[in-house]
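Descriptive structure summary
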Amino acid sequence: MGGMALVVLGLFVLVWIISAVVKASQDSGSRRDSSPARPAQGGQGQRVERTSNSDIDRFMAEIDRLRRRGDGAPAGRPAEPPRPAPRPVEP
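Report follows, based on the coordinates. (Residues numbered from 1 in each chain as written. Predicted model: local features only at pLDDT ≥ 70, side-chain atom pairs only at ≥ 80, totals over all residues. Heavy atoms only, no water.)

Let's shift gears to the overall build of the protein chain. A count of helical and extended segments in the protein chain gives two helices and zero strands. Counting only residues that meet the buried cut, the protein chain has 2% of its 91 residues in that class. Summing over all exposed atoms, the protein chain offers an accessible surface of approximately 9,300 Å²; the carbon and sulfur share of this is 60%. (Helix = DSSP H or I, 4+ residues; strand = E, 2+ residues; numbered from the N terminus. Buried < 20%, exposed > 50% of the residue type's maximum accessible area, 1.4 Å probe, protein only. Areas by Shrake-Rupley, 256 points an atom, 1.4 Å probe, with all protein chains shown as cover.)

Written out as structure tokens, the structure reads:
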């Protein structure tokens, strides 16, 4: 039984090391491919948006665009009209 526990522990450590190496190689590869967004020549105040292949980054960029477009719109739901006060029931 003790030998089986060592085998399981060894496999766990091996998988952990392999996943750390793969993750590190993916992180370094994505850093080399992407370049930081720089303003256009002349600096006319144009905003350069960073492009990304990540789904979450694209989602967050879309949310930011929608927020900027709707600056004048009220946030949240419109206010409900006041409800009438309840009256006691007469016997």
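So, next bit.
Attention now moves to the pattern of salt bridges. Opposite charge on two side chains makes pairing possible when the charged atoms of those side chains draw close. Per the counting criterion, the structure on display carries two salt bridges. Arg58 is the salt-bridge partner of Asp55, the closest N and O atoms lying 2.2 Å from each other. Residue Asp55 and its partner Arg58 are both found in helix α2 (residues 55-69); the two are separated by three residues, about one turn of the helix. When its relative accessible area of 57% is taken as the criterion, Asp55 is described as exposed. Among the salt bridges present, the one from Glu62 reaches Arg65, with a minimum N-O distance of 2.5 Å. Taken together, the residues span about one helical turn, with Glu62 and Arg65 both in helix α2 at a distance of three residues. By relative accessible area, which is 33% here, Glu62 ends up partly exposed. (Salt bridge = Lys/Arg side-chain N within 4 Å of Asp/Glu carboxyl O.)

With that settled, consider a nonpolar patch on the surface. A contiguous nonpolar patch, built from Met4, Val7, Val8, Leu11, Leu14, Ile18 and Val22 and spanning about 650 Å² of accessible area, is present on the exposed surface. With respect to the helices and strands, the residue Leu11 is situated in helix α1 (residues 2-33). (Patch = residues over 30% accessible without salt bridge, like charges linked within 9 Å, V, L, I, M, F, W, Y side chains within 5 Å.)

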